[in-house]
Amino acid sequence: MTKKKIVLLDGNSLAYRAFFALPLLTNEKGVHTNAVYGFTMMLETILANEKPTHVIVAWDAGKTTFRHSTYTEYKGGRQKTPPELSEQFPYIRKLIEAFGITQYELDLYEADDIIGTLSKECNDAEAEVVIISGDKDLTQLANDQTTVCITRKGITDLEKYTPAHIEEKYGIAPLQIIDMKGLMGDASDNIPGVPGIGEKTALKLLKEYGSVEAVYESIDQITAKKMKENLVNNKEQAFMSKELATIEVHAPITVSLNDLDFVGRNEEEVIQLYKELQFKSLLEKMDVSVEVQPLEEIAVHTVEEITSEMLTDTMSVHVEIDGDNYLSEDILGIGLSNDTDTYFITTELATSSDLFKSWIADHATRKYVSDSKSAYAAIARLGMELNGAEFDLMLAAYIVNPSFSTNEVSEIARSFGYHGVESDEAVYGKGAKRTVPASEQLANHTARKAHAVWELYPVVTKQLEDNEQRDLFHDLELPLAKILGKMEVTGVKTDVDVLKTIGEQLSERLAVIEKTIYEMAGETFNINSPKQLGVILFEKIGLTPIKKTKTGYSTAADVLEKLASEHEIIQHILLYRQLGKLNSTYIEGLTKEIHEDGKIHTRFQQALTQTGRLSSINPNLQNIPIRLEEGRKIRAAFIPSETEWIMFAADYSQIELRVLAHISQDEKLIEAFRQGADIHTKTAMDVFGVNEEEVDSNMRRAAKAVNFGIVYGISDYGLSQSLNITRKEAGEFIDTYLASFPGVKQYMDTSIIDAKQKGYVTTLLKRRRYLPDITSSNFNLRGFAERTAMNTPIQGTAADIIKQAMIDMDARLEKENMQARMLLQVHDELIFEAPIEELEKLKEIVPEVMEQTIQLDVPLKVDWNYGKSWYETK
DNA sequence: TGTGTCACG
DNA sequence: ACGTACGTGACACAC
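Note that the structure is predicted; figures quoted are calculated from it, not measured. Numbering of residues starts from 1 in each chain and follows the order in which that chain's sequence is written. Lettering of chains starts at A and numbering of ligands starts at 1, both following the order in which they are written. It should be noted that, the model being predicted, local features are given only for residues of pLDDT at least 70 and side-chain atom pairs only at 80 or more, the latter also being counted only at that level, while totals for whole chains, interfaces and linings use all residues. The side-chain quantities take in all heavy atoms of the structure and omit both hydrogens and water.

## Digging into the sheet that holds strand 8 (residues 314-321)
- Here we have six strands laid out as an open sheet, ordered 7-10-9-8-11-12, and mixed in their pairing. On the outer flanks of this sheet lie strand 7 (300-302) and strand 12 (389-392), each paired with one strand and no other. Neighbouring strand axes in the sheet, compared pairwise and without regard to direction, differ in orientation by 25° on average.
- Bridge count for strand 8 against strand 9 (residues 331-337) is six bridges, and the pairing is antiparallel. Opposite E320, over in strand 9, you have G333 as the bridge partner.
- In this description, contact between two residues means that some pair of their heavy atoms is separated by no more than 4.5 Å. Axis definition: a line fitted to C-alpha atoms, limited for helices to the stretch in contact. Angles are taken between N-to-C directions and run from 0 to 180 degrees. Secondary structure counts use DSSP, requiring at least four H or I residues in a row for a helix and at least two E residues in a row for a strand, with both numbered from the N terminus. Each of strand 11 (366-369) and strand 12 is contacted by helix 18 (residues 393-400), which is oriented at about 55° to strand 12, the strand it contacts most.
- On the sheet, helix 21 (residues 439-466) packs against strand 7, strand 8, strand 9, strand 10 (342-345), strand 11 and strand 12 and is oriented at approximately 135° with respect to strand 8. Any two strands with at least two DSSP-identified bridges between them are counted as paired.

## Quick word on the protein's contact with DNA strand B
- Residues in contact with DNA strand B amount to 23 residues; listed here are only the nearest, T555, R577, I626, R627 and D828.
- Atoms of DNA strand B within 4 Å of the protein belong to the sugar or the phosphate in 77% of instances, the rest to bases.
- Polar contact criterion, stated in full: a pair of N or O atoms within 3.5 Å, where within protein one must be able to donate a hydrogen and the other to accept it, and residues adjacent in sequence count only if both atoms are side-chain atoms. The separation between a phosphate oxygen of DNA strand B and a polar side-chain atom of R577 is 2.7 Å.
- A distance of 2.6 Å is found between a sugar or linking oxygen of DNA strand B and a side-chain nitrogen or oxygen belonging to D828.
- Looking at the surface near DNA strand B element by element, the count peaks at four residues for helix 26 (residues 569-592).
- Polar here means any residue other than Ala, Val, Leu, Ile, Met, Phe, Trp, Tyr, Cys and Pro, which are nonpolar, and Asp, Glu, Lys and Arg, which are charged; Gly is therefore polar. Within the surface near DNA strand B, the residues separate by chemical class into eight nonpolar, nine polar and six charged. Whether a residue is near a molecule or strand depends on its heavy atoms: if one lies within 4 Å, it is near.

## A look at a negative patch on the surface
- Taken together, the side chains of E296, E297, D339 and E455 define an acidic patch exposed on the protein surface.
- Mapped onto the elements of the fold, E455 is located in helix 21. Within the patch definition used here, like charges are joined within 9 Å and nonpolar side chains (Val, Leu, Ile, Met, Phe, Trp, Tyr) within 5 Å, considering only residues with over 30% relative accessible area and no salt bridge. Only the protein chains shown count as cover for residues, and the accessible areas themselves come from Shrake-Rupley with a 1.4 Å probe. Just to be clear on terms, a salt bridge is a Lys or Arg side-chain nitrogen sitting within 4 Å of an Asp or Glu carboxyl oxygen. For the charge count, each Lys or Arg is scored as positive and each Asp or Glu as negative, with His and the chain ends excluded. Lysine's charge is taken at NZ, arginine's at CZ, aspartate's at CG and glutamate's at CD.

## So, the protein's contact with DNA strand C
- DNA strand C sits among 41 residues. The nearest are K200, N526, S529, R727 and F779.
- Counting only atoms of DNA strand C within 4 Å of the protein, the fraction found in sugar and phosphate groups is 64%.
- Side-chain polar atom of S715 to a base oxygen of DNA strand C: 2.8 Å apart, as the coordinates give it.
- In this structure, R727 approaches DNA strand C through a side-chain N or O atom, which is 2.6 Å from a base nitrogen.
- Listing elements by their share of the surface near DNA strand C, those giving two or more residues are helix 9 (199-209), helix 24 (530-540), helix 26, strand 16 (615-617), helix 31 (697-712), helix 32 (716-723) and helix 35 (779-815).
- Considering every element that reaches the surface near DNA strand C, the biggest residue donor is helix 35, with seven residues.
- Considering only residue class, the surface near DNA strand C consists of nine nonpolar, 25 polar and seven charged.

## Structural notes on unusual backbone geometry
- Here N618 and P619 are connected by a cis peptide whose omega angle stands at -5°.
- With respect to the helices and strands, P619 occurs in the loop between strand 16 and helix 27 (629-632).
- Phi is positive for N190, which is not a glycine, with a value near 60°.
- For N724, which is not glycine, the phi dihedral falls at a positive 60°.
- Within the element layout of this structure, N724 appears in the loop between helix 32 and helix 33 (727-740).
- Think of it in three bands: with a 1.4 Å probe and only protein chains considered, a residue is buried below 20% of the maximum accessible area for its type, exposed above 50%, and partly exposed in between. What makes N724 exposed here is its relative accessible area of 59%.

## Points about helix 31
- By this rule, a helix spans an expected 1.5 Å times one less than how many residues it contains. Here helix 31 contains 16 residues, and its C-alpha end-to-end distance of 23 Å stays within 8% of the 22 Å for a straight helix at 1.5 Å per residue.
- Residues of helix 31 that are buried in the fold lie against helix 28 (655-664), helix 30 (679-688), helix 32, helix 33, helix 34 (742-758) and helix 35.
- Of the residues that open helix 31, the one with a side-chain oxygen 3.0 Å from the backbone nitrogen of N698 is D696.
- Of the residues flanking the end of helix 31, it is G713, one or two places downstream, whose phi is positive at about 85°.

## So, the pattern of salt bridges
- With the rule as written, the count across this model stands at 45 salt bridges.
- The partner of K160 in a salt bridge is E50, and the shortest N-O contact between them spans 3.8 Å. With a gap of 110 residues between them, K160 in strand 6 (residues 157-161) and E50 in helix 2 (residues 34-50) connect regions that are remote in the sequence.
- Among the residues examined, K160 registers a relative accessible area of 48% and is labelled partly exposed.
- You can call E50 buried: its relative accessible area is 11%.

## Side note on the sheet that holds strand 13 (residues 492-494)
- An order of 14-13-17 is seen for the three strands of this open sheet, with the pairing classed as antiparallel. With one partner strand each, in any of the chains shown, strand 14 (599-600) and strand 17 (638-639) form the two edges of the open sheet.
- Alignment of strand 13 against strand 17, held across two bridges, turns out to be antiparallel. The partner of T494 across the bridge, within strand 17, is F638.

## Here we look at the UniProt feature "domain: 3'-5' exonuclease" (unreviewed entry) in chain A
- Those residues carrying the UniProt feature "domain: 3'-5' exonuclease" (unreviewed entry) are residues 300-465 in this numbering.
- Across residues 300-465 one finds 43% helix and 18% strand; the C-alpha atoms that close the span lie 31 Å apart. UniProt positions are given in the numbering used here, feature names are shortened, and annotations may be inferred rather than shown by experiment.

## Regarding the packing of helix 2 against helix 5 (residues 89-98)
- One way to put it is that helix 2 packs onto helix 5 with a least axis distance of 9 Å and a crossing angle of 25°. Taken together, the axes of helix 2 and helix 5 are roughly parallel relative to one another. Judged by the sense of rotation from one axis to the other, the crossing of helix 2 with helix 5 is right-handed. Contacts between helix 2 and helix 5 involve A35, V36, F39, T40 and L43 on the former and, on the latter, Y91, I92, L95 and I96. Here the word oblique covers every angle except those under 35 degrees (roughly parallel), over 145 (roughly antiparallel) and from 65 to 115 (roughly perpendicular). Left-handed is the label given to a crossing in which the near helix is rotated counterclockwise from the far helix by less than a right angle, and right-handed is the label when the rotation is clockwise.

## Topic: the packing of aromatic side chains
- Aromatic pairs are defined between Phe, Tyr and Trp rings, using the six-membered ring for Trp, whenever the two ring centres lie within 6.5 Å; interplanar angles under 30 degrees are classed as stacked, those over 60 as edge-to-face, and all others as tilted. With the rule as written, the count across this model stands at 21 aromatic pairs.
- Both rings, one in F356 and one in W359, keep their centres 6.1 Å apart while their planes meet at 35°; by these two values the pair is tilted. Note that F356 and W359 are positioned in helix 16 (residues 354-361) at a spacing of three residues, about one turn of the helix.
- Accessibility expressed as a relative area gives 0% for F356, which makes it buried.
- Using a relative accessible area of 6% as the deciding quantity, one classes W359 as buried.
- Measuring from ring centre to ring centre gives 5.5 Å for F638 and W870, while their planes differ by 80°; the resulting arrangement is edge-to-face. One end of the pair, F638, is in strand 17; the other, W870, is in the segment after strand 23 (862-867), and 232 residues separate them in sequence. Like F638, the residue W870 is buried in the burial classification.
- Charge over a ring is defined by NZ of Lys or CZ of Arg lying within 6 Å of the ring centre and within 35 degrees of the ring normal. Sitting above the plane of the Y428 ring, R434 keeps its charged end 4.4 Å from the centroid.

Have a look at this one:
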């Protein structure tokens, strides 16, 4: 008889892991399937790799366990299981059943205890045991017969904890893992441990004394005063924590090894389930043909002639584009839909129809659009005007939840439970194989999108209402879409000769620097390759690597700057990088983007960022150089589109700190802004405890960095990096700052608590960002979510404000009957072009509108400038 | 297609 | 202790 091999799986832990490792997927019924899919992948991989004779999946029984009688707060503060995961558990159970695997749960016990008890039984029976979980606690069960595999990254990558591996990794034996948890606690299970003791300290103590008990027996030998004090004061808690972390190996389970025989899966049941879940690739692997689910039947009328009867008062409209660039790609046709009919109109028909032209321009007919900004721009390209857009599916979905950002109607529809649209990839194909399909299929696809918008209007509108986001959507984002569309179509005139001249100068200089670098290196190599550069610097020349990346040595600028004194080549490389960037991204990149009209037409993504900001693509005009003079010259290429016009730029001064003052209600910060103080100097006075005259440039610079840090959700490490000081010094700065601005401290704390409680944070205009990681047991993920909780309301409120200002500004220019045009938004600044005659008026109204757009408890301040090019607006 | 780097607010 | 500052997009390289 072959030796028995038993695999014990921790069901809850692996289901969670699968859920969070994979993006949300749904089948056609709208049931989420990502956790089931991940779990399936894990099962298949494990069974194939381990070839077990016996398998079991253990589940946690319920909320209350025997550990709660020891400590009522055990596993406290955990976020509830997301409903998207809860609904998947029945499927995971069905799946396990179809695989012919026993599953077991036991009242008052956790999966850990079932696994512990069974592994003990198997050990006694001298069988080989493999435990699979995402929870490192289980590693305490490792021994010569038992390997504990913990999910590492993704879903099928497992780290194998054998006693040898644990010894190598932590320097302790498996059972000492329990002592380690006793000392350091476990945030994910809310096990307290001893304050001030983390992994490093816990391991140090255990290597010296061996166990929690031994540590306390030798407590007098411990010299570190603070640590000893913590240990003494929290003795009971330490022992309790150890008890909580100990896996029960004598649980009263009613299964035994003999019940766990694994004979293989029931192919028919598996296929049935995979079909229900639409696991196409897995079915294909089993050689089962997958029939495509027919879409819901919709009668699509391909219109021959547009009649007034078909154009009703309220309709959904979808303009289909060949690709995502609606400013340049072909307009393939238009879909229309309402309660009774769905139509497809070719572009030619639409443009030749006066009926359609007047209907689409009519403010009185309501249109529900899939992406109104795209529609505004595309309709404008057809020589018509779109008015009366009352709903925008893409924007509405983004407002409801910005993490759901896609411009594909099919994806948005699916996430709201509507499955009547195929993906663009299925219709057009992918990559090089992409083609526009035959007219019938194109008509169908386009019309289906229009129908989806119609069907989803009430669904998404309801969610906006529930979230109290109707105003944000209807009064801010929707009108903004129209304005952005106008800005994109207008474009920015670009002087190609300026770019060319700068480019030529750059090329010459680059050639010289390149030569110098090769001479210094003693060989030619690709300076743009971090890999090759790393070899030259750290192996050939022998400089000391300061930082490593996943793939090798880091050659990032901050690293190279630290090495600049070591070797002359560094400064040349830095300069080469800087100039090379200008040349490739800005000179060559921008030149390629100049259209026939001599303008660059960027597109603003309005439904992308997690904070509510815009982004700019094809090209990005929100990151044109300014900080270094050499790069700043690029801005001279951006000029007015008409002669005798000027560029006019206005930016908010310190908008994020003003927003912070407002939402934190910190009295000192509010007062500083009301007095019109230089905020960095004021911060320096408080942090360094000096008066205004004593603040030198270094102090102000440090204060500025602290202010940045505060806005970003401060960490001592981050601040230490930006100021090049030690973490300790940075930490002291932060403490002093927060002591001196208690309102800010209060804000930081409450925004995190708030995010934990509600699962999301909000901006002034009720924009939301969900932060599921805020309760993660992973320090990195949680820390990131916490900083985001602090930063997003600030950055997002600033975005709300400038968006409102753009709407007000557009209205004001209209009202004043001005020719001036808004061209660009760069997060806290607006750029216009205008006839020189309008300059005086602009100087007056731009700051006025921007400053008055939303009233905060501190004044908003706007600086402005003008000139013959963007460069001159400084 | 992912990674590293660097441009902006 | 953990090893990151927040938010973006584009380019070159290496696979």
